[in-house]
Amino acid sequence: MKNEMYDNMLSRYDLSTKQQKQNAIFEVNQQIILAGLYAGGFFDVAAFYGGTCLRIFHGLQRFSEDMYFSLLAHDKEFDFSKYFQPIIDTFTLVGREVEIKKKDKQTFGKVESAFLKDNTDVYDITFQTEKSIKIKIEVDTFPPLKFTTEQKLLIQPHSFMTRCFTLPDLFAGKMHALVYRGWKNRIKGRDWYDFEWYVRNNVALNFTHLAERCKQFNGEDITIDLFKHQLRERLSTGDINQVKADVLPFVRNPRELDIWSNDYFLQIADMVRFV
């Protein structure tokens with residue numbers, strides 16, 4: 001019966017190819033992690049944000065691997081390890097064994113640490129039954145504030161609520177990543193894909209939260225005009241072939257990317273609404 005619950009969650013996905021099956025397993029496990037965090041009371045003090053949040057709760061048509069959380073207030077004494085057991089217990093309910101480890105940031109490579117603050121704790125969840133699956137969790141314990149949250153419902157593996165950033169604040173986080181992420185030759189096309197999604201769905205960008213992120217991460221006091229200039233600079237100079245190559249394994253319909261060019265994204269940039 002236990003495995004039936006897990007298999008039932010997987011059965012909602014197209015599992016035709018190896019990549020599709022891997023993406024689906026990631027997402028099912030992510031939802032079980034969220035259920036465990038809810039059971040442990042984590043969302044009383046923290047909120048979910050990033051591409052995985054957008055994928056699970058807003059129907060973004062690309063899969064996402066990592067999970068990002070922000071405390072609702074600064075807390076240097078925060079201890080995420082007290083939520084390990086509720087996560088482990090929730091996986092046990094669906095017949096899965098997991099191991100959770102805090103990562104030593106001193107061992108990170110340049111790419112992995114390129115966008116990581118000192119006040120962010122990082123954890124890996126690995127699976128006994130799916131050796132190729134490792135889900136990285138980041139918890140910002142001294143986050144940029146001035147964001148708002150909402151409660152979003154999931155009904156698998158059972159009904160529970162997840163506190164999430166609202167869409168304008170999710171958009172702000174994504175645009176900060178798109179413009180400031182220092183990936184050099186490892187450009188993150190998933191940022192570009194999400195940027196397109198926000199504009200297509202007429203989501204306004206919360207500039208107040210974006211400015212907080214720029215101040216804390218980059219030490220910049222930014223204006224809308226300056227941000228627009230930096231955005232256009234990033235969009236005009238990014239290698240569009242690398243952008244496409246990065247996001248391709250995560251999208252359902254590769255034909256979506258046919259129209260992509262630097263000029264295409266520059267025109268999308270003109271459509272951004274700020275609040």
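Look above for the structure.
The text that follows walks through the structure, step by step, so that each part is easy to find. (Residues numbered from 1 in each chain as written. Predicted model: local features only at pLDDT ≥ 70, side-chain atom pairs only at ≥ 80, totals over all residues. Heavy atoms only, no water.)

Considering the overall build of the protein
Here is step 1 of the chain: The helix and strand inventory of the protein stands at 10 helices and 7 strands.
Here is step 2 of the chain: Taken over the C-alpha trace, the protein has a radius of gyration of 18 Å; the compact-globule value for 275 residues is 19 Å, and the two agree within 12%.
Here is step 3 of the chain: Along the longest, intermediate and shortest principal axes, the C-alpha atoms of the protein span 55 × 45 × 35 Å.
Here is step 4 of the chain: Put simply, the protein has 275 residues, and 53% of those count as buried.
Here is step 5 of the chain: Look at the contacts in the protein between residues 6 or more apart in sequence, and 68% of them connect residues 24 or more apart. (Helix = DSSP H or I, 4+ residues; strand = E, 2+ residues; numbered from the N terminus. Rg over C-alpha atoms; globule rule 2.2 N^0.38 Å. Buried < 20%, exposed > 50% of the residue type's maximum accessible area, 1.4 Å probe, protein only. Contact = heavy atoms within 4.5 Å.)

Some remarks on the nonpolar core
Here is step 1 of the chain: Grouped together as the largest cluster of nonpolar side chains are 87 residues, with contacts concentrated most on Leu34, Phe69, Phe80, Phe195 and Trp260.
Here is step 2 of the chain: The biggest single contributor to this core is helix 2 (residues 18-39), with 9 residues.
Here is step 3 of the chain: Other than its neighbours up to four places away in sequence, phenylalanine 195 contacts Phe171, Lys174, Met175, Leu178, Leu231, Leu235, Phe265, Ile268, Ala269 and Val272. (Core = buried A, V, L, I, M, F, W, Y, C linked by side-chain atoms within 4.5 Å.)

Some remarks on helix 4 (residues 84-93)
Here is step 1 of the chain: Considered for burial, the residues of helix 4 that qualify are Phe84, Pro86, Ile87, Thr90 and Phe91.
Here is step 2 of the chain: Where helix 4 is buried, its residues meet helix 2, strand 3 (98-102) and strand 4 (120-127).
Here is step 3 of the chain: The positive-phi residue at the C-terminal boundary of helix 4 is glycine 95, with phi of around 80°.

Notes on the pairing of strand 5 (residues 134-140)
Here is step 1 of the chain: Burial of strand 5 is extensive: 6 of the 7 residues sit out of reach of the surface.
Here is step 2 of the chain: In terms of strand pairing, strand 2 (residues 67-71) meets strand 5 through 4 bridges, oriented parallel. Bridge assignment links methionine 67 to a residue of strand 5, and that residue is isoleucine 137.
Here is step 3 of the chain: In the sheet, strand 4 pairs with strand 5 via 7 bridges, with the strands oriented antiparallel. Across the sheet, the residue bridging to aspartate 124 is lysine 136, located in strand 5.
Here is step 4 of the chain: Taken together, strand 4 and the strand that follows it, strand 5, pair antiparallel across an intervening segment of 6 residues. (Pairing = 2+ DSSP bridges.)

Let's talk about the side chain of arginine 62
Here is step 1 of the chain: Turning to its location among the elements, arginine 62 is positioned in the loop between helix 3 (51-58) and strand 2.
Here is step 2 of the chain: In this structure the side chain of arginine 62 is engaged in a polar contact, spanning 2.7 Å, whose partner is the side chain of aspartate 194.
Here is step 3 of the chain: Once you skip the residues sitting within four places of it in the chain, arginine 62 turns out to touch Gly51, Arg55, Lys174, Arg190, Tyr193, Asp194, Val247, Phe250 and Val251. (Polar contact = N/O pair within 3.5 Å; in protein donor to acceptor, adjacent residues only side chain to side chain.)

Observations concerning the packing of aromatic side chains
Here is step 1 of the chain: With the rule as written, the count across this model stands at 27 aromatic pairs.
Here is step 2 of the chain: Judged by centre distance (5.9 Å) and plane angle (40°), the rings of phenylalanine 80 and tyrosine 83 are tilted. Like tyrosine 83, phenylalanine 80 is buried.
Here is step 3 of the chain: Between tyrosine 264 and phenylalanine 265, the ring centres sit 5.3 Å apart and the planes meet at 80°, which makes this aromatic pair edge-to-face.
Here is step 4 of the chain: One aromatic cluster in this structure is built from Phe42, Phe43, Phe48, Phe57, Phe69, Phe78, Phe80, Tyr83, Phe84 and Tyr123.
Here is step 5 of the chain: Residue placement shows arginine 55 over the ring face of phenylalanine 63; its charged tip is 4.1 Å from the ring centre.
Here is step 6 of the chain: In this structure, arginine 96 packs its charged tip against the face of tyrosine 6, placed 3.8 Å from the ring centre. (Phe/Tyr/Trp six-rings, centres within 6.5 Å; stacked < 30°, edge-to-face > 60°. Lys NZ or Arg CZ within 6 Å of the ring centre and 35° of its normal.)

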